[in-house]
Every structure is written in C-alpha cells, then in structure tokens.
Amino acid sequence: MKQYIQSADILLPSGNFDKWAVVACDQYTSEPEYWDQVEQIVADHPSTLRVMLPEIYLEKEGLSDRIRDINQTMRQYLSDGTLVEHKNAMIYVERTQCDGTVRHGIVGTIDLEDYDYQKNSKALIRATEETVIDRLPPRIIIRKDACLEIPHILLLIDDAKQSVIEPLKDKKTSLAPAYSFDLMQGGGHIEGYFLSQELQIAINEALELLIETAEDKMLFAVGDGNHSLATAKECYKLNGVAPARHALVEIVNIHDPAIVFEPIYRVLFNVDPEELLSDFLEAMGGEYDGEDAQEFEFVTKDITHIVSVKPRAKLPIGTLQPFLDDYLRNHSASKIDYIHGDDVVHDLCIANNSTCGFIYKSMEKGELFQAVKKDGSLPRKTFSMGHACDKRFYLEARKIK
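From a predicted model like this one, the values you see are computed outputs, not experimental measurements.

Q: How should the overall build of the chain be read in this particular structure?
A: In terms of helices and strands, the chain carries ten helices and 22 strands. The C-alpha atoms of the chain give a radius of gyration of 22 Å, which matches the 21 Å a tight globule of 401 residues would have. Its C-alpha atoms give the chain principal-axis dimensions of roughly 65 × 50 × 40 Å. Relative to its 401 residues, the chain shows a buried fraction of 54%. Counted over contacts in the chain with a minimum sequence separation of 6, partners at least 24 positions apart contribute 78%. Counting every atom, the chain has about 17,800 Å² of accessible surface; 47% of that belongs to carbon and sulfur.

Q: For this particular structure, what's the right way to read the packing of aromatic side chains?
A: The description of an aromatic ring pair uses the distance of the two centres, along with the angle that the planes make with each other. On inspection of all chains with the given rule, the structure shows 17 aromatic pairs. Ring geometry for Tyr34 versus Trp35: centroids 5.3 Å apart, planes at 80 degrees, classification edge-to-face. For the pair shown, Tyr34 and Trp35 are each scored as buried. The lysine or arginine in question, Arg66, covers the ring of Tyr57, its NZ or CZ lying 4.2 Å from the ring centre.

Q: Can you help me understand the nonpolar core in this one?
A: Nonpolar side chains in soluble globular proteins tend to be buried together. Ranked by internal contacts, the top residues of the largest apolar core, which has 50 residues, are Trp35, Ile91 and Tyr179. Contacts of Tyr179, omitting those with residues within four sequence positions, involve Leu12, Phe17, Ile91, Val93, Ile190, Glu191, Gly192, Leu395 and Glu396. In this structure, Leu268, Phe323, Ile339 and Cys356 belong to the second largest nonpolar core, which totals 44 residues.

Q: Sorry, what's going on with the environment of Phe358 here?
A: Inspection of the secondary structure puts Phe358 in strand 19 (residues 356-360). A residue is classified by how much of its surface remains accessible, and Phe358, at 0% relative accessible area, is buried. On a C-alpha basis, the gap between Phe358 and Ile339 in space is 10.0 Å, while along the polypeptide they are 19 residues apart. Ignoring any residue separated from it by four or fewer positions in sequence, one finds Phe358 in contact with Tyr265, Arg266, Leu268, Leu276, Phe280, Phe296, Glu297, Phe298, Leu320 and Leu324.

Q: What is the right way to look at the sheet that holds strand 17 (residues 304-309) in this model?
A: For sheets, the rule is that strands pair by backbone hydrogen bonds, running either parallel or antiparallel. Here five strands make up an open sheet; going across it, the order is 17-16-19-15-18 and the pairing antiparallel. At either end of the open sheet lies a strand with only one pairing partner, and these are strand 17 and strand 18 (335-339). On average, adjacent strands in this sheet sit at an angle of 25 degrees to one another, irrespective of strand direction. Here strand 15 (residues 265-269) pairs with strand 18 via five bridges, running antiparallel. Each residue of the ladder has a partner; that of Arg266, found in strand 18, is Tyr338. The sheet contacts of helix 8 (residues 316-330) involve strand 15, strand 16 (294-299), strand 17, strand 18 and strand 19, and relative to strand 15 the element is tilted by about 20 degrees. Against the sheet, helix 9 (residues 342-350) engages strand 15, strand 16, strand 17, strand 18 and strand 19, with an angle of about 160 degrees to strand 19.

Q: How do you make sense of the pattern of salt bridges when you look at a structure like this?
A: It is possible for side chains bearing opposite charge to pair when their charged atoms get close. Following the criterion strictly, the structure yields 24 salt bridges and no others. With a closest N to O distance of 2.5 Å, Glu250 and Arg392 form a salt bridge. Of this pair, Glu250 sits in strand 13 (residues 246-253) while Arg392 is found in the loop between strand 20 (383-385) and strand 21 (393-394), placing the two residues 142 residues apart along the sequence. Each member of the pair, Glu250 as well as Arg392, is classed as buried. Several salt bridges share partner residues, and in doing so they unite Asp9, Glu85 and Lys87 into one network.

Q: Any chance you could explain the pairing of strand 19 here in plain terms?
A: Across the five residues of strand 19, five count as buried, placing the element largely inside the fold. By the alternation rule, side chains of strand 19 split into Cys356, Phe358 and Tyr360 and Gly357 and Ile359, which are all buried. For strand 15 and strand 19, the ladder comprises three bridges, and the chain directions are antiparallel. Paired with Val267 across the strands is Gly357, a residue of strand 19. Summarising the sheet, strand 16 and strand 19 pair through four bridges and their orientation is antiparallel. If you follow Glu297 over to strand 19, its bridge partner there is Ile359.

Q: So what exactly am I meant to see when it comes to the packing of helix 7 (residues 273-283) against helix 8 here?
A: Packed helices, taken two at a time, are described by their axes: the angle between them and the distance between them. The N-to-C vectors of helix 7 and helix 8 enclose an angle of 125 degrees; their axes lie 11 Å apart at closest approach. In this view, helix 7 runs oblique relative to helix 8, as classed from their interaxial angle. Where helix 7 crosses over helix 8, the handedness of that crossing is right-handed. Touching Glu275, Leu276, Asp279, Phe280 and Ala283 of helix 7 are Leu320, Phe323 and Tyr327, all from helix 8. Each residue belonging to the contact of helix 7 with helix 8 can be placed in one class, and the counts come to six nonpolar, no polar and two charged.

Q: Help me out: how do you make sense of helix 8 in this one?
A: Note: α-helices contain 3.6 residues per turn, so residues at a spacing of three or four share the same orientation. Here helix 8 spans 22 Å end to end across 15 residues, near enough to the 21 Å set by a 1.5 Å rise per residue. The buried fraction of helix 8 is high, at eleven of 15 residues. Within helix 8, the full set of buried residues consists of Pro316, Ile317, Gly318, Thr319, Leu320, Gln321, Phe323, Leu324, Asp325, Tyr327 and Leu328. Lining the buried residues of helix 8 we find strand 15, helix 7, strand 16, strand 17, strand 18 and strand 19.

Q: Explain the sheet that holds strand 13 to me, please; I cannot follow it from the model alone.
A: Strands sit in the order 6-7-12-9-13-5-4-11-10 across an open sheet of nine strands; the sheet is mixed. Strands with a single pairing partner mark the edges of an open sheet, and in this sheet they are strand 6 (115-116) and strand 10 (176-182). In the sheet, strand 10 pairs with strand 11 (residues 189-194) via six bridges, with the strands oriented antiparallel. Directly across from Ser180, in strand 11, lies its bridge partner Glu191.

Conventions we followed
Residues numbered from 1 in each chain as written. Predicted model: local features only at pLDDT ≥ 70, side-chain atom pairs only at ≥ 80, totals over all residues. Heavy atoms only, no water. Helix = DSSP H or I, 4+ residues; strand = E, 2+ residues; numbered from the N terminus. Rg over C-alpha atoms; globule rule 2.2 N^0.38 Å. Buried < 20%, exposed > 50% of the residue type's maximum accessible area, 1.4 Å probe, protein only. Contact = heavy atoms within 4.5 Å. Areas by Shrake-Rupley, 256 points an atom, 1.4 Å probe, with all protein chains shown as cover. Phe/Tyr/Trp six-rings, centres within 6.5 Å; stacked < 30°, edge-to-face > 60°. Lys NZ or Arg CZ within 6 Å of the ring centre and 35° of its normal. Core = buried A, V, L, I, M, F, W, Y, C linked by side-chain atoms within 4.5 Å. Pairing = 2+ DSSP bridges. Axes fitted to C-alpha atoms, helices over the stretch in contact; angles between N-to-C directions. Salt bridge = Lys/Arg side-chain N within 4 Å of Asp/Glu carboxyl O. Parallel < 35°, antiparallel > 145°, perpendicular 65-115°, else oblique. Left-handed = near helix turned anticlockwise from the far one by under 90°. Nonpolar A, V, L, I, M, F, W, Y, C, P; charged D, E, K, R; others polar. Expected span 1.5 Å × (residues − 1).

As structure tokens, this is what we get:
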C-alpha cells in the first residue's frame, strides 16, 4: 500500500512553545506593527521568527544578511538543544480558532514526486490557485541552503464521510501528547498528539479508500502555502537529495466545519469604468440570460450595474480573471487589488470616479475539488481560508540536509 502521508523525524522545541510558534510569513504584509509586537513577545527566546522571513521584509535592504542569519540560527538550534527530535512521528492536531471552532489535522510528510503545481496537472497533489513563478526565486534563495524546513502548508482532502481525520478525535486520550499551548497575538490554542504506528497505517488505508473513489485520482489540494510547497519542489529538483524529496505538511478535511472559505473580490484603479464594462461585455459576447449565466455586480462611484454573461469556466472568477489580466496588460496605468468584503469594495469605489469593482458569487468550499479538476488551478486570490490569525503557525520542524 502506498503511504500517502508518511511519518518523519519531527523536531519540536524543548520549551517555550508560546514564543517558538509564529504565524505564517505571508500574513500581515501591510501591518508592520504586528511583526513589531511579535519581536517584543519573542525577545531573546528561541523562536521560528529567527528561522523564517516575514514577507513584509522581502523588499527591504539587507535581505542577504537576513538569510545568512536564518541559516546560522537553524544550525545553532540543532546543536544547542533548542530542538528535540521525535523519530518516525506523525501528529494529530487540534487548532482552536479565534471564533472558538476547532480545526482538525494530521502533520506528516508527502512525496514531492506526487505534487505538480502546473495549471492542468493530473498529479495526486495539485495547486488550487495559480502559482506565480516570479514569487519563487526569493523563496528558493531562502530554502536552498537551509538545513531545516518549518512549514505552514495545509493540504485539503475531500472526505465528506469524515473517514480519515475525524476518527482520531475519540482516540486522543490514549495518545502521547506532543504539545498544548496558546498561540500569540490572538492565534487561539493548539494541541497535538503523537500517532501510533497502528494509527498511521489506518490513516493511509483510509486515504487509499478515498483515492479509489476519486474521479481522476486527485487526493490532495493545496489550501495554504502553495508557493512554499512549489519552492520545496524546485529545491528538490535542484538538489535531488533524499530528505528534500519530502515536505512536511498538515492535512485537513475540506468538510471540517471549522474551515470557512471567504471570497476575494477585484477592484481596479485608474480606469474608465464605462470603457471597462463595455470591453468586458464585448469579450464575453454580450449579456446572456441562460440558466447557466454567471452574474457580476459592477460597482462604480455613481451606480451599480448587474450584468450576466455566459460562463467561460466553472466559477465566476475563472470567467473574469483572464479578461482582467488581458485588460491590465493593455492598460499599464491601471492597477488591481484583491479585496475582502463587498462593503470594502463599495467604499473604495465611492471614493473615486476612476475606480470600479467586481462582486460575484463566492465559491462554496464543496466546489473546490470539482473546479480544480475541470479548470485546473484557479486564478490567484480566488478564495481565502479564514482569518489571518487562524492561519497555520510555524511549529514542527524537520531536517532537510
């Protein structure tokens, strides 16, 4: 039987979990005050803050010095007792989110040979959203010389019968605890339990049954951290060494009630709204009132238009985004932003005659796997999984060199 998720020699801190765990690097990218507060909380304690690079600093001076310090600190943590190795470990995780709901997951490794981030991939593990190739080089520079990986990657499974992860809830009292602590900055609570060899086998047996019923053998969809996983894949292709062939991830069930998808809308700046709407309708072949029509709310300063067009993809954003990409290529002065909340879209558009927005039906989380199977990886910023404070924190580590 194939091991769809494998155990690993997982490294955990010897103490001070609350200062060790830090939220994913791609969060709070416009809020330097958040990261300033993290600095104050961590102070001189060992922390994942010292072995990762918040994206807010990617464009700052001194990047090469930061990366050098990261690699040096990784080596220090391995040699000074900061990290304790747990052999052949797989961890069952319960994460209490900011609203009190509990997300359930399993931490282990996946084989990068099973993962392909290309749009029309038929691999076992697929990207849900477009991988922006230009975002990979700085991440590759950070990872290629690193001796540790400390991931924030969440992989989704489509397990409506809740046969893989959920049975572990009733078994946790018999499992050895791995950690239990409150996460900083309103991140909720997290606890983990080491899974026995017997349960590790049972999990892979359940995944085997899940893949047998899948239409085209897609088992995992990347929910968060696709660019990090793509970076791991590229570094493995560069190095080809055994530890780098696998990546540490957490798998979660898309049907977990704690997982909520939030829509991300589009707002365009420095445009002629009437021209933009006319171009959109022309590109779509005019308005369309068929039963399968996709509806868009086109928001401007003075008026809101409701337009319906013939679908070009399963999801409305799959119809809209290729048009916007072409429009922006031909209008260099125009800019786009990705916005949470229809009220924010309206507020932005009311402020300026040259700003307009598109609001559309959001994707239900149950549609994700079918959409990826039909259209390939979806346009970037199609959806968001929950609030920033509920994103995965860096916690478990693994040697990759």
